[in-house]
Structure formats: structure tokens, C-alpha cells
Amino acid sequence: MNDINSIISNINFARQLNESLIEGQASLKSDLIIDVTAAINNADAMLTAINSIKTELCRLPLNFCEREYIENCVNPILITLLFLSLISYELASSVSILTFSSIVPPKKSKLKSTIHLIYNINEEFEDLFKVLKRRLKPLIQNGTNCC
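Note that the structure is a prediction, hence the values are computed from the model and not measured.

**Q** Give me the overall build of the protein chain: which residues, what numbers.
**A** Regarding its fold elements, the protein chain presents 4 helices and 0 strands. Buried residues in the protein chain amount to 16% of all 147 residues. Sequence-distant contacts, at least 24 apart, represent 77% of the contacts inside the protein chain between residues at least 6 apart. As displayed, the protein chain offers around 11,600 Å² of accessible surface, 64% of which is attributable to carbon and sulfur atoms.

**Q** So what about a negative patch on the surface? Which residues, and what values?
**A** Together, Glu123, Glu124, Glu126 and Asp127 make up a region of like negative charge exposed at the surface. Checked against the element boundaries, glutamate 123 lands in helix 4 (residues 108-142). Residue class for glutamate 123 comes out partly exposed when judged on its relative accessible area of 47%.

Analysis parameters
Counting starts from 1 at the beginning of each chain's written sequence and moves along it residue by residue. Under the rules for a predicted model, residues below a pLDDT of 70 receive no local features and side-chain atom pairs below 80 are neither given nor counted, while totals for whole chains, interfaces and linings still include all residues. Side-chain figures throughout are based on the complete set of non-hydrogen atoms in the structure, without hydrogens or water. Counting from the N terminus, the helices are DSSP H or I runs at least four residues long and the strands are E runs at least two residues long. Accessibility here uses a 1.4 Å probe with only protein chains present; expressed as a share of the type maximum, an area under 20% marks a residue as buried, one over 50% as exposed, and anything in between as partly exposed. Contact criterion: two residues are considered in contact whenever any of their non-hydrogen atoms come within 4.5 Å of each other. Computed by Shrake-Rupley with a 1.4 Å probe, the accessible areas treat only the displayed protein chains as cover when residues are assessed. Any residue with relative accessible area above 30% and no salt bridge may belong to a patch, with like charges joined within 9 Å and the nonpolar Val, Leu, Ile, Met, Phe, Trp and Tyr side chains within 5 Å. A pair is scored as a salt bridge if a Lys or Arg side-chain nitrogen falls within 4 Å of a carboxyl oxygen belonging to Asp or Glu. Working convention for charge: Lys and Arg count positive, Asp and Glu count negative, and His plus the chain ends are omitted. Charge placement uses NZ in Lys and CZ in Arg. For Asp and Glu, CG and CD serve respectively.

Here it is, written out as C-alpha cells:
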């Protein structure tokens, strides 16, 4: 919101600067300056309208911010957790198959390193789950209007 206000103030400053230039000189460039002034006025009116629409939307009892919060802060972690759990599960299945396979001779050192990788993935999973819990707390505590 501060960005929009600073843009509006910069446009107003440009308009005042342009008006002082128009007063200081009258030449063939005045048509160009008038066009620039009209463009600045149109941009100013549009930004003011956008700002008022944004303000009015925030006053409505709808919660658009919740959806944006979920899409930007919760869903990426959920997707990451999904992929980590799938990778961990697939690696554990592969280690299990290679351990009990009679056809493939087990290579203990590589299986141990894969098992350590699985544990590291699970630790990362736990850390991400803690972050997810912290990000869901505001939604749970303030979600009185949710279904």
C-alpha cells in the first residue's frame, strides 16, 4: 500500500514540475507537454482508483488474504513434504528389495549410505513439518469464519 502511495506522490510531483515548466516557457513543445500532462493525470486517476478498490476489498468481510497465504506459504511446503515422503518411501522400498534379493548381491556399504540418506531426508521432513505447523497456526486461530 505504501508503494502505491509513493507512486501517486511521485506522479503528483511530476505533474507539479511539468506545470512549472509550462508556466516558464511557451513554445512548439507545449503540445507534447500537454500530452504528457494528460498521461500523468490519467495514470494518477487510475492508481487512485486501484488504491481505493484495494482499500474497499480489504474492508469486505471476505478473506482473500487467506487464500493467497495458503497458496504462497503453505502449499509449497506441502508439495515439498509430499515429494520428500515419496522419495524416502521409494528409497526404503529399494533398500528392502536389494537387501532380501537373492539375485542381486547386496553391497552393504551402498545400502548403508542409502539408509543414512533416508534418515537425513526424514530429518528434513520433520523440520519442514515444524515450519508448516507454525504457518498453519494463524489460520487455525483466526479461522472462525472458515468452514
